Amino acid sequence: MLTQRLLLSDRGGMIVLGLVLLAMVLVPICNLLVPETSALHVSTFTVTLLGKFLCYALLALAVDLIWGYCGILSLGHGAFFALGGYAMGMYLMRQIGPRGQYGDPVLPDFMVFLNWQELPWYWQGFDMFWFAMLMVLLVPGLLAFVFGWLAFRSRVTGVYFSIITQALTYALMLAFFRNEMGFGGNNGLTDFKDILGFPIAANGTRISLFLASGFSLILAYIACRYIVTSRMGKIVVSIRDAESRTRFCGYKVESYKLWLFVFSAMLAGIAGALYVPQVGIINPGEFSPLNSIELVVWVATGGRGTLFGAIVGAFTVNYGKTIFTSYSPETWLFALGALFVIVTLVLPKGLVGLFNRFKKAPASSDAVTANTTATEKNPDSSTSKEAV
Amino acid sequence: MNIFSHARRSLGQSDPNFGAPLDTTHGTILYVEGVTVSFDGFRALNNLNLYIDEGELRCIIGPNGAGKTTMMDVITGKTKPDAGSVYFGQQINLLELSEHQIARGGIGRKFQKPTIFEALSVYENLELATAADKRVWWTLTQQLNSAQKFRIDEVLVQIGLQEHRHKNAGALSHGQKQWLEIGMLLMQSPRVLLVDEPVAGMTGEETEKTAELLLSLAGKHSVIVVEHDMKFVRSIARKVTVLHQGSVLTEGTMDQVQNDPKVIEVYLGE
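Predicted, not measured: the structure shown is a model, and the values here were computed from it.

S.K.: For this particular structure, what's the right way to read the overall build of chain B?
M.R.: Along its length, chain B carries 11 helices and 10 strands. Rg of the C-alpha trace for chain B: 19 Å, near the compact-globule value of 18 Å for 270 residues, within the 12% margin. The principal-axis extent of the C-alpha atoms belonging to chain B is close to 60 × 50 × 35 Å. By the burial criterion, 45% of the 270 residues in chain B qualify as buried. The contacts in chain B between residues at least 6 apart in sequence include a share of 69% that link residues at least 24 apart.

Structure, rendered in structure tokens:
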């Protein structure tokens, strides 16, 4: 019953998850077992690149859940991603121990440089992995809770909400740029040595991080499917389409928005935490408002309102970016802007919608998938197909 | 609005005990007394007094700007009045409650423009409207039980949409959407139904069906209908209230109202 509801009824999702799983099997083999001279060898650079893409896909999934299903356009999800990343970065900094440039057993290099005598209170506990992981969830979750609580209760919606989320991430960026904040200022956190005792640049560690990103993506996908196929998922879609009707049906709309927003922020935090050890650095640039906008473009390109569309979008746009920036880095932003315009004009349902059009699918699957998945849950939905 | 009033509103608020039978010993289910609402100096409602009896069908008419929609906003908690009181039965003060609590408590509202969940099927629209635990965490795992399914089937028959149960609600005709919205109100097991312009844009046949539906609901529920279509009002009305400039001009049967010189002057005169 549950697998039917979560996976089997979702063809696109099955295909995308299948590809992720396939990559999780093939990439380690091709990296570790296939000799470097072979054409099938996958370099560690590529492994890290793919791992990064998986983190982006997880982030896109988080945005799609609230934007595609609940209609909340957050232009500040980069902030939750970066906070998760900083929490992981703090753990990795504490792992360096006395191996830093200045050799201080406890203080990270930048604190020694600033003549700080002891560790600030908010750096306590980050030498423990479990504590850092807890913070990866709690810090973005708590920020989302407070921010969402104020915004949704005041019934801030639509473009106003988007603008204040931009302001949020911009404010955090400015704050993290300050040296006195104690997060390394504009250099951020870097020079990581190892994670859980394993050297961070080693092949095996890179593969493990890649696999961890893949597993997180799959688990998050299933969790999101569980939400959108439950009654809560239908209520969330109802809020998107007719908020006041939902309220007059007796639902406390603010609570639904709030919890979905918090969940989504936590997913973004996890994505950030997996991202940082793979790229080896986290700095305030991750809070840049542009990042948050870019990731909305991924979701729009893939197809919002279909969870797997977000993953497709994150991979396509980022792959495109990798190719593009190696040939002509200055024009990438123009290309991104053009992409957004084209997608909005020509492909309102994104790449996923394009596939569906080629398949000449019945009208039902043409509509937003949130709705088809819901109908498929009904035991006697065969009649509905005929009716349509 | 400051943070503290938010906090008070959300922390101090618990659902009133709607499970207890509503105290309607005097036969009146809804008391609207001395209600005044101003928007930037304009008085949308001006010392409005309105009493709705249990099970009655009441039509409310009045020229544009008479305050009909504002009155519904006040009863359903969307607008808080500057003065006055609104009681549901004799015990429950509606002014202390928010929209979702009032809806849970048994006051259903149909909007002027049909407002349904277009991305969902007819059946799912009714499912979401079903009276059930509507707190966030419960809805993650909730399924319909057999009594609720039975109730949905009943309502589908009542609103005449049993053949369209799996159709996308967005694909329904205008009239069908209006009925679906009424059906959604019925799923909430309401005591009072507020129906705003139910026949606007309907064909003659659809209008007749709607009149039948509303008449069949009176008795079991108190129904308040706001409507412009005089022919329609005449066909269903037992008691009519005329609003003018935010207060009640007169009340009575359709004939009494239509012959009232005050009404003729402000509304039917031309």
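There's plenty left to go through after this.
S.K.: Looking at this structure, how should I read the pairing of strand E4 (residues 83-88) of chain B?
M.R.: For a regular strand, the rule is simple: side chains alternate between the two faces of the sheet. Residue and element names in this part refer to chain B. In this sheet, E4 lies alongside strand E1 (residues 28-39) in antiparallel orientation, the contact comprising 5 bridges. Residue Glu33 lies in a different strand from E4, and its bridge partner there is Ser85. Note that E4 and strand E5 (residues 92-93) share 2 bridges and pair antiparallel. Bridge pairing in E5 places Phe88 opposite Ile92. The antiparallel pairing of E4 with E5 creates a hairpin that spans 3 residues between the two strands, and Gly89 there sits at a positive phi of about 65 degrees.

S.K.: How do you make sense of helix H2 (residues 11-32) of chain A when you look at a structure like this?
M.R.: In an α-helix, one turn spans 3.6 residues, which is why side chains three or four residues apart end up on the same side. Residues and elements named next belong to chain A. Given a rise of 1.5 Å per residue, 22 residues ought to cover 32 Å, and the 32 Å separating the end C-alpha atoms of H2 matches this to within 8%. Those residues of H2 that fall on the buried side of the exposure criterion are Gly13, Val16, Leu17, Val20 and Asn31. On its buried face, H2 is in contact with helix H1 (2-8), helix H3 (44-69), helix H8 (203-229) and helix H13 (307-327).

S.K.: Looking at this model, I keep getting lost on unusual backbone geometry. Mind explaining?
M.R.: Glycine aside, residues mostly have negative phi angles, and peptide bonds mostly take the trans form. A positive phi angle is found at A:Asn115, which is not glycine, with a value near 65 degrees. Mapped onto the elements, A:Asn115 comes out in the loop between helix H5 (109-113) and helix H6 (129-153). You will see that B:Asp40, though not glycine, has its phi angle at about 45 degrees, which is positive. With respect to the helices and strands, B:Asp40 occurs in the loop between E1 and strand E2 (42-53).

S.K.: Which parts of the structure should I look at to understand the sheet that holds E1(B)?
M.R.: Working definition: the strands of a sheet are paired by backbone hydrogen bonds and lie parallel or antiparallel to each other. Residue and element names in this part refer to chain B. With respect to topology, 4 strands assemble into an open sheet ordered E2-E1-E4-E5, the strand pairing being antiparallel. Two strands bound the open sheet, and with one partner strand each, they are E2 and E5. Sitting on the sheet, helix H2 (residues 68-75) touches E1, E2 and E4, and the angle it makes with E2 is about 65 degrees.

S.K.: Any chance you could explain the environment of A:Ser43 here in plain terms?
M.R.: All names here are of chain A. For Ser43, the position within the fold is in the loop between H2 and H3. Judged by the 12 C-beta atoms lying within 10 Å of it, Ser43 falls in the exposed class. The spacing of Ser43 and Gly182 is 139 residues in sequence and 36 Å in space, taken between C-alpha atoms.

S.K.: Looking at this structure, I do not really get the nonpolar core. What am I missing?
M.R.: Considering soluble globular proteins, one finds that nonpolar side chains tend to be buried as a cluster. Residue and element names in this part refer to chain A. Counting 172 residues, the largest nonpolar core has Ala57, Leu58, Leu59, Ala60, Leu61 and Ala271 as the members making the most contacts within it. No other element matches H3, which puts 17 residues into this core. Sequence-distant contacts of Leu61, that is, excluding residues within four places in its chain, are made with Ala220, Tyr221, Cys224, Leu267, Leu307, Ala310 and Ile311.

S.K.: Hey, could you run me through the sheet that holds strand E8 (residues 222-226) of chain B in this one?
M.R.: All names here are of chain B. Sheet architecture is open: 6 strands sit in the order E6-E7-E8-E3-E9-E10, paired in mixed fashion. Strands at the two margins of the open sheet, each flanked by one partner only, are strand E6 (107-110) and strand E10 (247-252). On average, each strand axis in the sheet is inclined to that of its neighbour by 20 degrees, with strand direction left out of account. Summarising the sheet, strand E9 (residues 239-244) and E10 pair through 5 bridges and their orientation is antiparallel. Residue pairing across strands places Val242 opposite Thr250, the latter belonging to E10. Helix-sheet contacts for H2 involve strand E3 (57-61), E6, strand E7 (192-196), E8 and E9, and the interaxial angle to E7 is about 150 degrees.

S.K.: When you look at the packing of H3(A) against helix H11 (residues 253-279) of chain A in this model, what are you seeing that I'm missing?
M.R.: Geometrically, a packed helix pair is captured by the angle between its two axes and the distance between the axes. Residue and element names in this part refer to chain A. Closest axis-to-axis distance for the H3/H11 pair is 8 Å, and the angle between their directions is 170 degrees. Between H3 and H11, the angle is such that the two are roughly antiparallel. Residues Thr48, Gly51, Lys52, Cys55, Leu58, Leu59, Leu61, Ala62, Leu65 and Ile66 of H3 lie in contact with H11, whose contacting residues are Leu260, Phe261, Ser264, Leu267, Ala268, Ile270, Ala271, Leu274, Tyr275, Gln278 and Val279. Across the contact of H3 with H11, the residue classes break down as 16 nonpolar, 4 polar and 1 charged.

Calculation notes
- Residues numbered from 1 in each chain as written.
- Chains lettered and ligands numbered in written order.
- Predicted model: local features only at pLDDT ≥ 70, side-chain atom pairs only at ≥ 80, totals over all residues.
- Helix = DSSP H or I, 4+ residues; strand = E, 2+ residues; numbered from the N terminus.
- Rg over C-alpha atoms; globule rule 2.2 N^0.38 Å.
- Buried ≥ 20, exposed ≤ 12 C-beta atoms within 10 Å, placed from the backbone.
- Contact = placed C-beta atoms within 7 Å.
- Pairing = 2+ DSSP bridges.
- Expected span 1.5 Å × (residues − 1).
- Axes fitted to C-alpha atoms, helices over the stretch in contact; angles between N-to-C directions.
- Core = buried A, V, L, I, M, F, W, Y, C linked by C-beta atoms within 7 Å.
- Parallel < 35°, antiparallel > 145°, perpendicular 65-115°, else oblique.
- Nonpolar A, V, L, I, M, F, W, Y, C, P; charged D, E, K, R; others polar.

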